[in-house]
Every structure is written in structure tokens, then in C-alpha cells.
Amino acid sequence: MRVLGNVLWFLIAGLVLAVSWFLSGLLFCITVIGIPLGLQCFKFARLALFPFGKEIVFGGPSVCGFLANVLWLLVFGWSLALLAAALGLLLCVTVVGIPFGLQCFKFSKLALMPFGASVR
């Protein structure tokens, strides 16, 4: 079931979300200061391609993570969160799309605070 979910996810919403995370990472990597932020974006772009069977764990707050999340939210976080939430709402219209919509909501939360989060 996980393989089928990942394949359908890739076709329905995964590619769009992965490209948006990847482009955000590229823009952050333009500057030396933004490279750690860009690397985190690349990690989540890979997750956005095939999220079924993986879990996002939000770690404890740190000063650096908090500052990175604030910078992220001001620059890219709000747009990625809105994109994922809009896709989630569209997918939840049908019963078949509900699991995919829930994945989008997971990415919407991740787009608001990605630093300090890890993938298992």
C-alpha cells in the first residue's frame, strides 16, 4: 500500500511540492549564510516526492532553530504553507483524496517550522 500511495502522491501533488521546496533551497544557497537553510529545503524536497511510510518528528526548540524558522517563515514559509494547504483542501474533496490531503497538511505544518524537524 505504501508503494501505491507514493506513486499516486508523486503524480497528484508530490512533484509540485518537491519542486517548490527545491527552488526555495536553490534560492537560499545563493548566499553563504543561507546554505544550511537550503540544505534543509533539499532534504524536505526529497521527502515531498515520496512521503508515505515516513514520519516527521519535530525536535525541541533551540535558539538557532528558532531564528532559522523565523527567517524561513518571513521569506518562503508562508507561501509553501499556503500551497500545501490549498492542495490539501482540494484533495480532501473526495474520499479517495483524503489520505493525500492529510499528507499535504503535514507538509503545510512543516513549511511553517522546518528547522528542528527530522524525517524518520
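Residues numbered from 1 in each chain as written. Predicted model: local features only at pLDDT ≥ 70, side-chain atom pairs only at ≥ 80, totals over all residues. Heavy atoms only, no water.

## Description of the packing of aromatic side chains
Per the stated rule, a full pass over the model turns up eleven aromatic pairs. Measuring from ring centre to ring centre gives 6.4 Å for tryptophan 9 and phenylalanine 52, while their planes differ by 80 degrees; the resulting arrangement is edge-to-face. Taken together, the residues span a long stretch of sequence, with tryptophan 9 in helix H1 (residues 2-28) and phenylalanine 52 in the loop between helix H2 (35-49) and strand E1 (56-58) at a distance of 43 residues. Each member of the pair tryptophan 9 and phenylalanine 52 is classed as buried. Seen from their ring centres, tryptophan 21 and tryptophan 72 are 5.4 Å apart, and the 10 degrees between their planes marks the pair as stacked. In this pair, tryptophan 21 is assigned in helix H1 and tryptophan 72 in helix H3 (residues 63-91), connecting sequence segments 51 residues apart. A relative accessible area of 0% places tryptophan 72 in the buried class. (Phe/Tyr/Trp six-rings, centres within 6.5 Å; stacked < 30°, edge-to-face > 60°. Helix = DSSP H or I, 4+ residues; strand = E, 2+ residues; numbered from the N terminus. Buried < 20%, exposed > 50% of the residue type's maximum accessible area, 1.4 Å probe, protein only.)

## Section: the side chain of serine 20
Within the element layout of this structure, serine 20 appears in helix H1. Setting aside residues up to four positions removed in sequence, serine 20 forms contacts with Leu80 and Leu83. (Contact = heavy atoms within 4.5 Å.)

## Section: the state of the cysteines
For the coordinates displayed, the defined rule picks out zero disulfides. Here cysteine 92 stays free of any disulfide, with the sulfur of cysteine 104 as its closest cysteine sulfur at 8.0 Å. Given the relative accessible area of 27%, cysteine 92 is considered partly exposed. The exposure class assigned to cysteine 104 is buried, which follows from its relative accessible area of 0%. (Disulfide = S-S within 2.5 Å.)

## Brief notes about the environment of alanine 45
Following the sequence through the fold, alanine 45 ends up in helix H2. Spatially, the C-alpha atoms of alanine 45 and arginine 120 are 15 Å apart, while their sequence positions differ by 75 residues. In this view, alanine 45 contacts Ala18, Trp21 and Phe22; residues no more than four positions away in its chain are not counted.

## Observations regarding the packing of H3 against helix H4 (residues 98-112)
Where H3 meets H4, the closest approach of the two axes is 7 Å, and the angle between their N-to-C directions is 170 degrees. As summarised for this structure, H3 and H4 are arranged roughly antiparallel, according to the angle between their axes. On H4, the residues touching Asn69, Trp72, Leu73, Gly77, Leu80, Ala81, Ala84, Ala85, Leu87, Gly88, Leu89 and Leu91 of H3 are Ile98, Phe100, Gly101, Cys104, Phe105, Phe107, Ser108, Ala111 and Leu112. Split by residue class, the contact of H3 with H4 holds 16 nonpolar, five polar and no charged. (Axes fitted to C-alpha atoms, helices over the stretch in contact; angles between N-to-C directions. Parallel < 35°, antiparallel > 145°, perpendicular 65-115°, else oblique. Nonpolar A, V, L, I, M, F, W, Y, C, P; charged D, E, K, R; others polar.)

Interpretation in functional terms is not warranted from these geometric data alone.
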